[in-house]
Number of protein chains: 2
Amino acid sequence: MRWINFSVDGGPSAYGILDTDDRIHEVHGTIFEPGERSGAVHRLADVKIEVPFIPRTFYAAGLNYVKHIREYAELTGQPVSEPKQADIGYRAVNALIAHDEAIVIPPGATQVEYEGELVVVIGKKAKHLSEAEALSCVLGYTIGNDVSERLWQASDRTFWRSKNADTFKPMGPWIETEFNIDAAETTVRLNGNVQTHFRTADMLFDIRTFISRMTQCLTLFPGDVIWMGTDGKSPKLKAGDVVEVEISGLGRLRNHLVN
Amino acid sequence: MRWINFSVDGGPSAYGILDTDDRIHEVHGTIFEPGERSGAVHRLADVKIEVPFIPRTFYAAGLNYVKHIREYAELTGQPVSEPKQADIGYRAVNALIAHDEAIVIPPGATQVEYEGELVVVIGKKAKHLSEAEALSCVLGYTIGNDVSERLWQASDRTFWRSKNADTFKPMGPWIETEFNIDAAETTVRLNGNVQTHFRTADMLFDIRTFISRMTQCLTLFPGDVIWMGTDGKSPKLKAGDVVEVEISGLGRLRNHLVN
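Being a predicted model, the structure only gives us computed values, none of them experimental. (Residues numbered from 1 in each chain as written. Chains lettered and ligands numbered in written order. Predicted model: local features only at pLDDT ≥ 70, side-chain atom pairs only at ≥ 80, totals over all residues.)

*Asks:* Would you mind showing me how to read the pairing of strand β18 (residues 242–247) of chain A here?
*Replies:* Taken residue by residue, a regular strand's side chains alternate between the two faces of the sheet. All names here are of chain A. Sheet topology note: the strand β15 (residues 185–190)/β18 ladder contains 5 bridges and is antiparallel. For Val188, the partnering residue across the bridge sits in β18 and is Val245. Across 6 bridges, the pairing between β18 and strand β19 (residues 251–258) is antiparallel. Along β19, the bridge assignment pairs Val242 with His256. Hairpin connection from β18 to β19: 3 residues lie between these consecutive antiparallel strands, with Gly249 at a positive phi of about 95 degrees. (Pairing = 2+ DSSP bridges. Helix = DSSP H or I, 4+ residues; strand = E, 2+ residues; numbered from the N terminus.)

*Asks:* Sorry, what's going on with the interface of chain B and chain A here?
*Replies:* It is common to give the size of an interface as the accessible area lost on bringing the parts into contact. Each side of the interface is counted separately: chain B has 24 residues, and chain A has 24 residues. Taken together, the residues of the side of chain B that touches chain A break down into 12 nonpolar, 6 polar and 6 charged. (Contact = placed C-beta atoms within 7 Å. Nonpolar A, V, L, I, M, F, W, Y, C, P; charged D, E, K, R; others polar.)

*Asks:* I would appreciate a short explanation of the nonpolar core in the present structure.
*Replies:* General note: in soluble globular proteins, nonpolar side chains tend to be found buried as a group. Core analysis: the biggest nonpolar cluster contains 136 residues, and Val119, Val120 and Val225 of chain A together with Val119, Val120 and Val225 of chain B have the highest contact counts within it. With residues near it in sequence (within four places) discarded, Val120 of chain A still touches Val138, Tyr141, Ile207, Val225, Ile226 and Met228 of chain A. (Core = buried A, V, L, I, M, F, W, Y, C linked by C-beta atoms within 7 Å. Buried ≥ 20, exposed ≤ 12 C-beta atoms within 10 Å, placed from the backbone.)

*Asks:* What is the right way to read the sheet that holds strand β15 (residues 185–190) of chain B from this model?
*Replies:* Backbone hydrogen bonds hold the strands of a sheet together, and the pairing may be parallel or antiparallel. All names here are of chain B. The 5 strands are arranged β9-β19-β18-β15-β16 in an open sheet whose pairing can be described as mixed. Edge positions in the sheet fall to β9 (102–104) and β16 (193–199), since each of these pairs with one other strand and no more. Neighbour to neighbour, the strand axes of the sheet diverge by 25 degrees on average, direction disregarded. (Axes fitted to C-alpha atoms, helices over the stretch in contact; angles between N-to-C directions.)

*Asks:* Got a minute to help me understand the relation of the copies chain B and chain A in this structure?
*Replies:* Each copy superposes on the other: chain B lies on chain A with an RMSD of 0.0 Å after a rotation of 180 degrees and an axial shift of 0.0 Å. The superposition of one copy onto the other is thereby described by a two-fold rotation axis. Looking at chain B, 100% of its interface residues are interface residues in chain A too, so the copies touch through the same face. (Least-squares fit on C-alpha atoms with pLDDT ≥ 70 in both.)

*Asks:* Please explain the sheet that holds β19 of chain A as it appears in this structure.
*Replies:* Residue and element names in this part refer to chain A. Taken in spatial order, the 5 strands make up an open sheet running β9-β19-β18-β15-β16, and their pairing is mixed. Two strands close off the open sheet at either side, each with one partner strand: β9 (102–104) and β16 (193–199). Averaged over neighbouring strand pairs, the angle between their axes works out to 25 degrees when direction is ignored.

*Asks:* When you look at the domain arrangement of chain A in this model, what are you seeing that I'm missing?
*Replies:* All names here are of chain A. Annotation of chain A at the domain level lists domain 1 (1–50) and domain 2 (51–258). A C-alpha centroid distance of 25 Å is found between domain 1 and domain 2. Residue composition of the side of domain 1 that touches domain 2, by class: 7 nonpolar, 1 polar and 2 charged. (Domains from an automatic or database assignment.)

*Asks:* When you look at the environment of Ala95 of chain B in this model, what are you seeing that I'm missing?
*Replies:* Residues and elements named next belong to chain B. With respect to the helices, strands and loops of the structure, Ala95 is situated in the loop between β7 (89–90) and β8 (96–97). Measuring from C-alpha to C-alpha, the distance between Ala95 and Thr196 comes to 23 Å, with 101 residues separating the pair along the chain. The contact partners of Ala95, leaving out residues within four places of it in the chain, are Asn164, Ala165, Asp166, Thr167, Phe168 and Lys169.

*Asks:* Would you mind going over the confidence of the model for chain A with me for this structure?
*Replies:* Low-confidence regions, as indicated by low pLDDT, have predicted coordinates that should not be scrutinised in detail. Of the residues in chain A, 100% reach a pLDDT of 70 or more, and the chain-wide mean stands at 96. The complex model carries a pTM of 0.96, and its ipTM stands at 0.95. (pLDDT = per-residue confidence, 0-100.)

*Asks:* Just checking my understanding: could you explain unusual backbone geometry for this structure?
*Replies:* Generally, phi is negative for residues other than glycine and the peptide bonds are trans, each holding for most cases. All names here are of chain A. The amide bond that connects Gly172 to the next residue, Pro173, takes the cis arrangement and shows omega of 0 degrees. Relative to the helices and strands, Pro173 resides in strand β14 (residues 169–176). A positive phi angle is found at Asp22, which is not glycine, with a value near 60 degrees. Mapped onto the elements of the fold, Asp22 is located in the loop between β2 (14–18) and β3 (23–29). The exposure class assigned to Asp22 is exposed, which follows from the 11 C-beta atoms found within 10 Å.

Given below as structure tokens:
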């Protein structure tokens, strides 16, 4: 099932269930506490897709695919060093934008790149989950683009502007509750051309490993998200470029760049 | 004026204004969108103090006082390196607890320490503020204890458990809207004895510097908080210890430790 957050003609946003005929069946309440269907039905083409929700805590795996780790080592001039354990990091909600909204290249940014990522959406409060139990707290999955400015990433003490500048975190277009990660492939297109392609499951530490380890020390809450990292390398992006992150079984997240 | 979030007899939390006679005048709405006074008045001694609010984004300056930077260098075995610019970091809301709630030492934690910090509460949406304008978005100030497990801090790739384990972020007891940082002193007591004392204003980068720099790349929102860092060194804490972080003009945040 696909949950979508949308608005019509600049009105307030609402949630709905997207069917296979691209119709949205509006539902009262939120994704995390859904109510009854309102009876309203919209065509997907007639609505503005909104950010699915503002996460409570925005977790990110960071370095979690081997090829990307090698490229990060090149960037920083450090020896290749794979993380030895699943230590989760953070991103910030100010940076979120929806499908089809613009990624704004900030003044001074010179090396902006994409990172296509699988996003795990937490639906239930959870602590002390085993790996076998880990997925029991997951509501669904969506797509993220962990846009990054590589020179700031190398020069700054934190990721505050390299990864969390306003508009640097496209997320969406919707949340899919049924997803087979073992079959999934991530494909990133730049201006229509396939640029990056990898098996989504080829993570160094998988979703179960992260959730189990995290919940030994922290409580996950409905509305938390975990971005699972990316593989491969992005070219330098410029104003006018269109980036599409597709994950098979989930959909396609598209955003364009402006100055 | 002091804003307090409180509950009575396990009921729902409410906001109120704390007067100088320790009476709470209940107010409808939230700190960020206050309504009328409800007419209800409670004695401070009769209520449970709650976490002031769940921040939207939980910013933290990290290394921002010189003595503490030297001690951090000792911990990690690195040369002393003062941050060259005000790069803000992040903490996580799962870890928040209120005044008088227990800091739980997680299994495996062996070197738990306190960090008494000034907390800036953002009240208005803000972007592109100059240093002169920076404080215009500030609603008030409170106190934080950035509890840290030093061995995990040194060993892990991120701060996910060293600083964000559940209960590691006491915040409160209330929000003070009138505060003179230049006169303020931070005093940390362990089991009633003064252990750490510093001028709160002795930051490497001050509040105006951080807010102005941050808002060049990101939007601050009502409900964001910025923890401003700490000075000095904490002894190793153990179950049964009571830590009190006092900032003159703000109040005193007290928490005890349990296993």
